Structures are given as C-alpha cells and as structure tokens.
Amino acid sequence: MEEILMTGPPAIDSRPAIATTGLTRYLTLDGHGAPDAFPAYADALRRVAVALRLAVHPTEALWWSADGGPMRPERMHAWRWTLLQQVPLETGTADVAKASATLRGIVPEGLLSDMGVTSLDEGTVAQVLYTGSLRDKAPALRMLRDFARTHGYAVKGKYHEIYLDDPGPHSPPDARTILRLPLVRTA
C-alpha cells in the first residue's frame, strides 16, 4: 500500500491510492439537489478569490445525502453539496466580506451573502483520477471503495470531487476529476 503526504496539488494518478491530506482552507457555498447551480456558484467563488488577489484553484465539491441513503440520480431530492475554492489558511470571514463588497452588482447578492470560509482536514483518503462524464463515475467509486476495504479502511465522511476540468454541463467527454473518499482504519 502506498501512503503519500500531500503538500501541494492533489496527486494525479489513474490508479487508486491511499494518501494523507493536510489542513486546507476553502471559500464555500452550499447547495442541494441536482448540481444545476454549479456554474454560477463556481463563478462566484472564483470571483471572490480574484478579488482577494489569490490564485484560482480547481473547483472542488463535497457530496452527501441528507437522509444517509445512496446518492442515485432518482434521489436528487436528498443530495447535498458544498462547492469549494481553496484559499490560504489565514483567509478569514472579514477578508471574504471585504472582497464580496467589491463584487456587489456583479455576483448575485444571495451567493455573496451565503458564502462562507471553512477549514478541512480529511486525513487519510482513497483517491483516483477519473476521466470521463461524471454521470458514469459509479463503477470508479465502487472500485475505490473496494480498494479502500482491501487495504483495511472504511469510508467515513463526505465524498469529495476535485474538478481538474469544468464540471458543468459543457464539460468535455474526457474531463478529469479526482474522486476522493475520506477513510478510517478498520483493522
């Protein structure tokens, strides 16, 4: 089993791996149901990052089900998600409020007022680079869960996607996404 301490951008490998993440700070916007709002939310997060004079990182999202059930297309009513834009650890809510004020009239007010900032440390994760339509990712996620289980881990927490290419409706058929599952040791 390969364990990697991630200190820079996420590892990009089409083979599943166990990795260890560190503390990361994010701008956040919460949503529910189908991810139709992703383009507007991602644009708002990017604009605030630019207003903060920061490098814009790939868009990321955490996913979970409100009722703990499976996340299947026929159950989109239960889907919950948080869209993420990485920022430096020292970024605070006052910084976000100041940057948001410069974007009034450009970014929808509801998105600016709902934007938050949070830190995340997923610890040990299983991840893989997935290439293709996100509608077809279920087999890759099953394979990643099986990989984690065979290495003595169980999945815990929210499922994480890192979009190296546009996750929107116009994404290319060979779009690249890092699929990540937070883990806990079972054995």
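Residues numbered from 1 in each chain as written. Predicted model: local features only at pLDDT ≥ 70, side-chain atom pairs only at ≥ 80, totals over all residues. Heavy atoms only, no water.

Peer 1: Hey, could you go over the pairing of strand E5 (residues 79–87) for me, with residue numbers and the actual values?
Peer 2: Within E5, seven of the nine residues are buried, which leaves the element mostly enclosed by the surrounding structure. As defined by bridge partners, strand E4 (residues 59–65) adjoins E5 across six bridges and the pair is classed as antiparallel. In the sheet register, Glu-60 faces E5, and the bridge partner there is Leu-84. (Buried < 20%, exposed > 50% of the residue type's maximum accessible area, 1.4 Å probe, protein only. Helix = DSSP H or I, 4+ residues; strand = E, 2+ residues; numbered from the N terminus. Pairing = 2+ DSSP bridges.)

Peer 1: If you had to explain helix H4 (residues 138–150) to someone new, which residues and values would you point to?
Peer 2: Residues spaced three or four apart along an α-helix face the same direction, because each turn holds 3.6 residues. For H4, spanning 13 residues, the distance from its first C-alpha to its last is 18 Å, which sits close to the expected 18 Å at 1.5 Å a residue. Where H4 is concerned, the buried positions are Ala-140, Leu-141, Leu-144, Phe-147 and Ala-148. Projected down its long axis, H4 shows its buried positions confined to an angular sector of 120°, all on one face. Pointing more than 90 degrees away from the buried face of H4 are the exposed residues Arg-142, Arg-149 and Thr-150. Taken together, the buried residues of H4 touch strand E2 (17–20), strand E7 (124–131), strand E8 (153–155), strand E9 (159–163) and strand E10 (176–185). Note on H4: the residue one or two positions beyond its end, Gly-152, has a positive phi of about 85°. (Expected span 1.5 Å × (residues − 1). Arc of directions from axis to C-beta. Contact = heavy atoms within 4.5 Å.)

Peer 1: Quick one: what's the story with the side chain of Gln-127, residue by residue and with numbers?
Peer 2: Its place among the elements puts Gln-127 in strand E7. Of the polar contacts made by the side chain of Gln-127, one reaches the side chain of Arg-180; its length is 2.9 Å. (Polar contact = N/O pair within 3.5 Å; in protein donor to acceptor, adjacent residues only side chain to side chain.)

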